[in-house]
Amino acid sequence: MASESITVRVSLAERAYEIHIGSGTIDGGTILGERLGRVPHAIVIADSRIADSYASRVAHGLAGTADRVDTLVVPSGESSKCVAELNRLWNELLRLGAGRDACVVAVGGGVIGDLGGFAAASYARGIPFAQVPTTLLSQVDSSVGGKVGINLPGAKNMVGAFWQPRFVLIDTSTLATLPRREFIAGLAEVVKYGVALDAAFLDFLEANTGPLLDREPSVLRRVIARCCEWKAAIVAEDERETTGLRAVLNYGHTFGHAVESLTGYGEYLHGEAVAIGMRLAARLAAILGRIDSAFLDRQDRLLDALGLPRAARRLEPDAMLAAMRGDKKASRGRLRFVLPSRSGRAELVDGVTDDQARSVLG
Ligand SMILES: NC(=O)c1ccc[n+]([C@@H]2O[C@H](COP(=O)([O-])OP(=O)(O)OC[C@H]3O[C@@H](n4cnc5c(N)ncnc54)[C@H](O)[C@@H]3O)[C@@H](O)[C@H]2O)c1
Ligand SMILES: [Zn+2]
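All of these numbers come straight from a predicted model, not from anything done at the bench.

Some details on the site of ligand 1
Working step 1: Around ligand 1 sit 25 residues, and of these Glu78, Gly110, Thr134, Thr135 and Thr177 come closest.
Working step 2: Between ligand 1 and the protein, one listed contact pairs an oxygen atom with a side-chain N or O atom of Glu78 at 2.7 Å.
Working step 3: In the environment of ligand 1, a nitrogen atom lies 2.7 Å from a nitrogen or oxygen atom belonging to the side chain of Thr177.
Working step 4: Relative to its unbound accessible area of 870 Å², ligand 1 is 89% covered by the protein chains.
Working step 5: Here the shell around ligand 1 is composed, by residue class, of six nonpolar, nine polar and 10 charged.

Here you go:
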């Protein structure tokens, strides 16, 4: 098993850490225990859907290296990324007597990573934490990079911190139970890395849509590792999103966030909205003469093959524009988009006019 695992390093000086990608690795606790070392108190923060399965196996494994292990279960779903749930976790940590030498281990998808990570970042002015992501989206994106936080009513990810984990353990076998729709939504973020950053990876994805959809372990491992390598490299260069480099990871997200917001966050999963957003961004890039129609078709074909949606209904252009202006990536009310220029390359483009943006929405 160990020979088939891949380790990716996130180079951040004294906060450097490793991402371990393998299969069947949450059992036994060896890898997590070794990397965290002897800890006096480990607190597993677990998504309720997988609390009795993966999270309990992680907690069991930690018993070998932690003097004490407790588990806090968080209700599954985005609504848990709120101040009430954070407040509950703070008070539970206090009740459990967690000291500054305690370590939080977040087991679940992006919701648990963001919430559990922010609880760790803020409790006792910050205690260590580790991530055990169990959704495809969290394995290729949210568990790496140190962004943690919660939502305010009407404002996603509005309160948070940069708090890097000590270690990320990715066990691809946990994806076996992920609902198909969630799995496919996660593939949108995978395609994002290919189109925006890595032409060879895009070729690989196109050649492996079948094995990917079948969740073939060796293909999953390779794909997840490549995404983590990219995210790690970008985070190492631009940890706090100040140079514009990290912004490339937002390919498809300006349109995507507007789609999510206009549809009340209930109709599309995040990855589905990102897929629609990438289709719109590529159309805009074609109109601006940055890519040709062959590349536009190529991206559409890949997204289609993976079962990712096209916009199911017409989205009101003016409402989309207004939502995009409110997007965090809009600078001084002007529209900015991450747009592809060729396979494996995308840039942040300023000064797109309303008419140009509207022309892909109609
Ligand atoms: N911090 C970042 O950099 C970053 C990046 C992207 C997204 N995010 C955040 O991530 C969140 C979305 O993450 P997500 O897509 O993982 O959603 P999620 O955490 O809500 O998980 C999706 C669903 O899958 C279930 N689940 C988790 N693991 C499972 C498994 N192995 N088998 C079966 N079911 C399982 C969960 O209970 C939930 O119902 C959003 O809140 C988003 O803001 C953060
Ligand atoms: Zn995303």
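Considerations on the packing of aromatic side chains
Working step 1: Summed over all chains, the structure comprises one aromatic pair.
Working step 2: Centroid distance Phe255 to Phe337: 4.8 Å. Interplanar angle 25 degrees. Geometry classified as stacked. A residue pair is termed long-range when its members are at least 10 positions apart, and Phe255 in helix H10 (residues 253–262) and Phe337 in strand E10 (residues 335–342) qualify at 82 residues.
Working step 3: Phe337 sits in the buried class, given a relative accessible area of 2%.
Working step 4: The residue whose ring lies beneath Lys192 is Tyr193, and the NZ or CZ to ring-centre distance is 5.1 Å.
Working step 5: Above the face of the Phe183 ring, Arg215 is positioned so that its terminal group lies 4.4 Å from the ring centre.

Considerations on the domain arrangement of the protein
Working step 1: Assigned domains of the protein: these are domain 1 (2–174) and domain 2 (180–359).
Working step 2: One C-alpha centre belongs to domain 1, the other to domain 2; they are set 26 Å apart.
Working step 3: Facing the 27 residues of domain 1 at the interface are 25 residues of domain 2.
Working step 4: Both faces combined, the contact of domain 1 with domain 2 buries some 2300 Å², and carbon together with sulfur accounts for 66% of it.
Working step 5: On the domain 1 side of the contact with domain 2, Leu136, Val140 and Phe162 bury the most area, a combined 27% of that side's loss.
Working step 6: Taken together, the links from domain 1 to domain 2 amount to five salt bridges.
Working step 7: The shortest N-O distance in the salt bridge between Arg15 and Glu239 comes to 2.7 Å.

Quick word on the pattern of salt bridges
Working step 1: One pass over the structure, following the stated rule, counts 31 salt bridges.
Working step 2: Taking the shortest distance from any N to any O, the salt bridge between Arg310 and Asp304 comes out at 2.7 Å.
Working step 3: Assessed through its relative accessible area of 34%, Asp304 is described here as partly exposed.
Working step 4: With a closest N to O distance of 2.5 Å, Asp354 and Arg325 form a salt bridge. Of this pair, Asp354 sits in helix H14 (residues 354–359) while Arg325 sits in helix H13 (residues 317–325), and the two are 29 residues apart along the sequence.
Working step 5: With a relative accessible area of 31%, Arg325 lands in the partly exposed category.

Quick notes on the rules
- Residues numbered from 1 in each chain as written.
- Chains lettered and ligands numbered in written order.
- Predicted model: local features only at pLDDT ≥ 70, side-chain atom pairs only at ≥ 80, totals over all residues.
- Heavy atoms only, no water.
- Near = heavy atom within 4 Å.
- Polar contact = N/O pair within 3.5 Å; in protein donor to acceptor, adjacent residues only side chain to side chain.
- Areas by Shrake-Rupley, 256 points an atom, 1.4 Å probe, with all protein chains shown as cover.
- Nonpolar A, V, L, I, M, F, W, Y, C, P; charged D, E, K, R; others polar.
- Phe/Tyr/Trp six-rings, centres within 6.5 Å; stacked < 30°, edge-to-face > 60°.
- Helix = DSSP H or I, 4+ residues; strand = E, 2+ residues; numbered from the N terminus.
- Buried < 20%, exposed > 50% of the residue type's maximum accessible area, 1.4 Å probe, protein only.
- Lys NZ or Arg CZ within 6 Å of the ring centre and 35° of its normal.
- Domains from an automatic or database assignment.
- Contact = heavy atoms within 4.5 Å.
- Buried area = accessible area lost by both parts, 1.4 Å probe.
- Salt bridge = Lys/Arg side-chain N within 4 Å of Asp/Glu carboxyl O.

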